Amino acid sequence: MIKLIKISKSFNSQKVLDELDLNIDPEKITVIIGQSGGGKSVLLKHIIGLIRPDSGQIIIDKIDITNLNDKKLNEVRKKFGMLFQDAALFDSMTVGENVAFPLNEHTRLSRKEINKIVNEKLNLVGLENVIHKMPSELSGGMRKRVGLARAIALDPKIVLFDEPTTGLDPIMRESVDELIVATQKRTKATFVIISHDIESTFTIAHKVAMLYQGKIVAVGTPDEIRSSNNSFVKRFIRDLRI
Amino acid sequence: MIRFLEFAGRPLVFFIEECGRIMLLLLSTISWMFRPPFRFRVIFKQMEFVGVNSVGVVLITGAFTGMVLALQTYHGFKMFGGESLVGSTLALAMTRELGPVFTALMVTGRVGSAMAAELGTMKVTEQIDALNTMSVNPIQYLVMPRIIAAILMLPVLTIISDFVGIVGGYFVGVNLLKINSGIFIAKIIDIVDLDDIFNGLIKAAFFGLILSLVGCYKGIYTIGGAEGVGRATTQSVVLSSILIFISDYFLTAVMF
Amino acid sequence: MGIGGFSLSNLSIEAKVGVFVIIGMIILGYMSMRLGKLGFKMDQGFEVKVYFDSASGLEEDVSVEIAGVEVGRVSKILLEDGKALVILRIDSNVKLRKDVKALIKSRGILGDKYVVLIQGSPAAPLIEPNGRIISTTTATDLESLMNVLGDVAKDISRLTQSFANVMGGEKGEASLRSIIDSMKAVAETLNRTVQENNKGLVKIITNLSEFSATINEISSKINKGEGSIGKLINEEDTVKRLNGTLASLKEITEKINRGEGSLGKLINEEETVENINSTLTSINDYMQKQESFRTYLDYRGEYLFDSEEVKSYLTLRIQPREDKYYLLQIVDDPSGVESETDITTTTNGVTTTEHIEKNEKNKIKFSAQIAKRYYDLGLRGGIFESTGGFAFDYYLFKDRLTLSLEAFDFDSDSNAHLKFKADFTPFKHLYITSGFDDFISDKGNESFFIGAGINFLDDDLKTLLSNLPF
Ligand SMILES: Nc1ncnc2c1ncn2[C@@H]1O[C@H](COP(=O)(O)OP(=O)(O)OP(=O)(O)O)[C@@H](O)[C@H]1O
Ligand SMILES: [Mg+2]
């Protein structure tokens, strides 16, 4: 499904990704964990072609997107939904218009049908009452949930989440986790999630990948990761548990 | 010596690169213009922003430009008894130069800077990336409507500015300075050509292209957070204004 | 922003923009109509010609007036036989008589020139359309004349003034008298001088008459054949000798004509003529072959908007005849070719092989084509970018504009590659191009492009290749 082969990326002289290899299974939830500033967001942007690697190959659904031009890339991206770390809502549009945006752009649905889907998605993230507000009037956590609703509005085949639960209270965190699991079950989509929340990672992930010093140092089911004897993985799990 | 070349060469290289990137942005804007989807609503929204919402500024600047011009030329022409030429001088100056240039400068300040700031903010808050992830080309969605709107709206604003400028000048010349109203208008009709107006409008369209292109360019190449947005805004106004004056010279040389 | 209880913000965006644009159009329309240059005048009027010695300062579209009333415009200013031919367009309700007078005048302190007609007598016949106004005056003459006259008048008035000053009063009379006295004295002196020099004058006159007599004598001597010059001219011998020379010349030309002598033979021999003729024909043929045989080397670059890259073509065009050419081409295609490769990866000891669609960049392709031309239509066939294909070319504006439609890459599992392009050659050797590449692509390859090219005839190559049989 998604294949990253020997991806290297440097910003100026700082090496962020270093010959990274990663296979992401289709129709599964893969969670990527790693240090802050370790390059997780950069990795996610490689998958959707926002950043091009210095070397290596990225293959999405059997298409090599490494050197694809913008127009073809846009075709590939139609399979994707993405939640940015800072939500990246369009601040010239209301919450409702934000969620409706991908529907307006890529479907021929009527306004009524679109409104229905928008309400439904906002309901899922518990925000049906802010539909007419502007993003600037929302809290950080609310914005993130609107971003989530926008990312899944088209029920895409691949959804990338950059820290969907960071900045939410424990109750909301749990409900977002539940939402992710339920949505994945329903749509059979491929989910790639970046998370710092080790506990929820182990509950929702089918597979966990650990990014350390520009490489994936461990991949496996939550159980495999838990019993890993990689020293960094051990330390990471222990530190986050406390 | 090499160090001197580096010192002197870097801004030059930077400038050439910048021109190249602006031209490439223009080219890809043109290519995206002919490709579906056609989002007329987005264009209309920009036309409202660039055109309709700039009317107030343009009315005030246009009217006062005409008035002060009438006042100044009157004192000049009076010295050799040529007061009757105030109207035509005013009308010629308004239609050929002051209408298009002042309108473009005001719109640069109001709209060009806003474009740079808006797109710059969208860039640094990853909204442009978000557009990309949703398979919407940012040039087609953000840049192209702004450029089209500016090219279409600047001539309309300019003709309004021309008109209120001449009316303002008429008011000062006829009502305050007591120039004969018949002669004032007759001289305008006598000396101003339709070509003067049209060439002024063509200039205006060109200035619209410049200010929107530069504004968008500075916006989508913004880096460095809020500070970067501020820098992009300032630079877009400065660069647009300079380019407007430079291109005005060359357009005038070609047209008149 | 409420206007009479109606709020502007209630209007839709489209309505606001629409109102705004309409206001702009109304202002533009109003101003245009006031300037009167875009009036709804259906009246085209009629044209008359008039020749001026100089139309200096006159512009097209300035007014033509009779008695200060505009009756038309200057429609054209041309040069004909060193004179300025000015064509006037006159309103059709104005009647011009044959003896109407045209002159160029200048107006106002700006000195704009315009044309004034002065109507002739009502009895004269009318000028018909496209007729000519005969009587003209050029403004510059009139003006300078007026200027000079003005100056003269000023001088005269100054002179008379000082005269009046001088003459006025007794003092004036006295001085006048003294002037007259001194004039008298001058006249007397003059008289005296003439009388004193009387003898000298007479001498000069006699000398002159003697000289002319001598000349007379010499010329009569020449006439009679006396003296050396006279002898030379009048000698019979000379005439005879000259005649002889002429006779022998005549003889030679006659001999040549009859084919006698070596030169005559050469010139009169049938064979020679044939030889020369055939030589000329073969030279001609050779020249003609040279003429139509051309080899072009051509480079073109096309900027593809979609991939934002430049596709380059290097072409050798061999054209043995005007209506036929061969084309060899190397294409550097940045969008490359789609290829399918297998990628084998090993993860955690498990080896997986996957079939991947890959985009190979900067692939070099080749073309080899034959082209034939029928009038303005050209047909091309052969290898296009390493696949089979054909093309139509349509030549316009003396071949300056070429419209081409190419079809190739008839791959069974995807749409054919169609390309439309227009080449325009504003200058020799340089052309610009624009078009749509692969416009029915089902892989998202369609792209608008613009580009430019340079081509040149290789003269050295040309001579070398023209000796090979084609
Ligand atoms: N556009 C960029 N230009 C320069 N450096 C960048 C850029 N984007 C990321 N980086 C650098 O790459 C490194 C990885 O950044 P990234 O955002 O991927 O971290 P992260 O793993 O997502 O961290 P966090 O968990 O805090 O979000 C950082 O050191 C950052 O400075
Ligand atoms: Mg991050």
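Note that the structure is a prediction, hence the values are computed from the model and not measured.

**Student:** Give a detailed account of the sheet that holds strand 8 (residues 190–194) of chain A, specifying residues and quantitative values.
**Tutor:** Residues and elements named next belong to chain A. Spatially, the six strands line up as an open sheet ordered 6-7-8-3-9-10, and their pairing is mixed. What marks the edges here is a single partner per strand, and that holds for strand 6 (80–83) and strand 10 (215–220). Geometrically, the sheet is characterised by an average inter-axis angle of 15° between neighbouring strands, direction not taken into account. The pairing of strand 3 (residues 29–34) with strand 8 spans four bridges and is parallel. Looking across to strand 8, one finds that Val 31 is bridged to Ile 193. Strands strand 6 and strand 7 (158–162) of the sheet are contacted by helix 5 (residues 140–151), whose axis makes an angle of about 180° with strand 6.

**Student:** Describe the site of ligand 1, and please don't skip the residues or the numbers.
**Tutor:** Residues and elements named next belong to chain A. Gln 14, Ser 36, Gly 37, Ser 41 and Gln 85 are the nearest of the 14 residues found near ligand 1. Contact distances for ligand 1 include 2.8 Å between an oxygen atom and a side-chain N or O atom of Gln 14. Residue assignment for the shell around ligand 1 shows that the elements contributing at least two residues are strand 2 (14–24) and helix 1 (40–47). Grouping the amino acids of the shell around ligand 1 by side-chain chemistry returns three nonpolar, nine polar and two charged.

**Student:** Mind laying out the coordination of the magnesium ion (ligand 2), listing which residues take part and the relevant values?
**Tutor:** Residues and elements named next belong to chain A. Those donors, Ser 41 (OG) and Gln 85 (OE1), are the protein atoms that reach the magnesium ion (ligand 2), and they lie 1.9 to 2.1 Å from it. Of the two residues, Ser 41 sits in helix 1 while Gln 85 sits in the loop between strand 6 and helix 3 (95–106), which places them 44 residues apart along the sequence. On the basis of relative accessible area, Gln 85 is assigned to the partly exposed category, the value being 31%.

**Student:** Help me get a handle on the pattern of salt bridges, residues and values and all.
**Tutor:** Counted according to the given criterion, the structure contains 36 salt bridges over all chains. The partner of Lys121(A) in a salt bridge is Asp155(A), with the nearest N and O atoms 3.2 Å apart. With Lys121(A) in helix 4 (residues 111–124) and Asp155(A) in the loop between helix 5 and strand 7, this residue pair connects regions lying 34 residues apart in the sequence. Its salt-bridge partner being Asp155(A), residue Arg186(A) comes within 3.6 Å of it at the nearest N-O pair. Here Arg186(A), found in helix 6 (residues 170–187), pairs with Asp155(A), found in the loop between helix 5 and strand 7; they are 31 residues apart in sequence, far enough to count as distant. Its relative accessible area of 35% is what places Asp155(A) among the partly exposed residues. Taken together, the shared-partner salt bridges in this structure form one network comprising Arg300(C), Glu302(C), Lys419(C) and Asp423(C).

**Student:** Describe in detail the interface of chain B and chain C, supporting the description with residues and values.
**Tutor:** Counting residues at the interface gives 35 residues for chain B, matched by 24 residues for chain C. Counting the surface lost from both chain B and chain C, the interface buries some 2,700 Å², and carbon and sulfur atoms represent 78% of this. In this structure, Glu48(B) engages Lys16(C) in a salt bridge whose closest nitrogen and oxygen atoms are separated by 2.6 Å. Seen at the junction of chain B and chain C, the total is two residue pairs in polar contact (both at pLDDT 80 or more). Elements with a minimum of two residues in the side of chain B that touches chain C: helix 1 (2–33), helix 2 (40–50), helix 6 (138–176), helix 7 (181–191) and helix 8 (194–220) of chain B. Among the elements that take part in the side of chain B that touches chain C, helix 6 of chain B stands out by supplying eight residues, more than any other. Residue composition of the side of chain B that touches chain C, grouped by class: 24 nonpolar, four polar and seven charged.

**Student:** Which residues make up the packing of helix 2 of chain B against helix 6 of chain B, and what are the values?
**Tutor:** Residues and elements named next belong to chain B. One can describe the packing of helix 2 onto helix 6 by two numbers: an axis separation of 8 Å at closest approach and a directional angle of 45°. Considered as vectors, helix 2 and helix 6 are oriented oblique to each other. Two packed elements cross with a definite hand, and for helix 2 against helix 6 that hand is right-handed. When helix 2 is examined against helix 6, the residues Val 42, Ile 43, Gln 46, Met 47 and Val 50 are found in contact with a partner set consisting of Tyr 141, Pro 145, Arg 146, Ile 148, Ala 149, Ala 150, Leu 152, Met 153, Leu 154 and Leu 157. Taken together, the residues of the contact of helix 2 with helix 6 sort by class into 13 nonpolar, one polar and one charged.

**Student:** Give a description of the sheet that holds strand 17 (residues 377–384) of chain C that names residues and reports values.
**Tutor:** Residue and element names in this part refer to chain C. Strand order in the closed barrel formed by 10 strands is 11-12-13-16-17-18-19-20-21-22, with antiparallel pairing between adjacent strands. Across this sheet, the average inter-strand angle for adjacent strands is 20°, counted without regard to direction. The pairing of strand 20 (residues 417–427) with strand 21 (residues 430–437) spans seven bridges and is classified as antiparallel. Paired with Phe 427 across the bridge in strand 21 is Leu 430.

**Student:** So, the confidence of the model for chain B: which residues are in play, and what are the values?
**Tutor:** When pLDDT is averaged across chain B, the result is 91; 99% of the residues are at 70 or more. Predicted complex metrics record ipTM = 0.91 and pTM = 0.66.

**Student:** Describe the packing of aromatic side chains, listing the residues and the values that go with them.
**Tutor:** The final tally for this structure, using the stated rule, is 14 aromatic pairs over all chains. An aromatic cluster is built from Phe90(A), Phe101(A) and Tyr141(B), whose rings are joined through pairwise contacts. One cation-aromatic arrangement involves Arg226(A) over Phe202(A); the distance from NZ or CZ to the ring centre is 4.5 Å. Across from the ring centre of Tyr325(C), 4.2 Å away, lies the NZ or CZ of Arg317(C), which sits over that ring.

**Student:** So what's going on with a negative patch on the surface? Which residues, and what values?
**Tutor:** Taken together, the side chains of Asp190(B), Glu59(C), Glu60(C) and Asp112(C) define an acidic patch exposed on the protein surface. Following the sequence through the fold, Glu60(C) ends up in the loop between strand 3 (46–52) and strand 4 (63–66). We classify Glu60(C) as partly exposed; its relative accessible area is 45%.

**Student:** Describe the environment of Glu309(C), naming the residues involved and giving the relevant values.
**Tutor:** Residues and elements named next belong to chain C. For Glu 309, the position within the fold is in strand 12 (residues 309–321). Given the relative accessible area of 24%, Glu 309 is considered partly exposed. Once the C-alpha coordinates of Glu 309 and Pro 334 are considered, the two residues, 25 residues apart in sequence, prove to be 6.4 Å apart.

Thresholds, definitions, all that
- Residues numbered from 1 in each chain as written.
- Chains lettered and ligands numbered in written order.
- Predicted model: local features only at pLDDT ≥ 70, side-chain atom pairs only at ≥ 80, totals over all residues.
- Heavy atoms only, no water.
- Pairing = 2+ DSSP bridges.
- Helix = DSSP H or I, 4+ residues; strand = E, 2+ residues; numbered from the N terminus.
- Axes fitted to C-alpha atoms, helices over the stretch in contact; angles between N-to-C directions.
- Contact = heavy atoms within 4.5 Å.
- Near = heavy atom within 4 Å.
- Polar contact = N/O pair within 3.5 Å; in protein donor to acceptor, adjacent residues only side chain to side chain.
- Nonpolar A, V, L, I, M, F, W, Y, C, P; charged D, E, K, R; others polar.
- Donors = N, O, S within 2.8 Å, 3.2 Å for Na, K, Ca; no water.
- Buried < 20%, exposed > 50% of the residue type's maximum accessible area, 1.4 Å probe, protein only.
- Salt bridge = Lys/Arg side-chain N within 4 Å of Asp/Glu carboxyl O.
- Buried area = accessible area lost by both parts, 1.4 Å probe.
- Parallel < 35°, antiparallel > 145°, perpendicular 65-115°, else oblique.
- Left-handed = near helix turned anticlockwise from the far one by under 90°.
- pLDDT = per-residue confidence, 0-100.
- Phe/Tyr/Trp six-rings, centres within 6.5 Å; stacked < 30°, edge-to-face > 60°.
- Lys NZ or Arg CZ within 6 Å of the ring centre and 35° of its normal.
- Patch = residues over 30% accessible without salt bridge, like charges linked within 9 Å, V, L, I, M, F, W, Y side chains within 5 Å.
- Areas by Shrake-Rupley, 256 points an atom, 1.4 Å probe, with all protein chains shown as cover.
- Lys, Arg positive; Asp, Glu negative; His and termini not counted.
- Charge placed at Lys NZ, Arg CZ, Asp CG, Glu CD.

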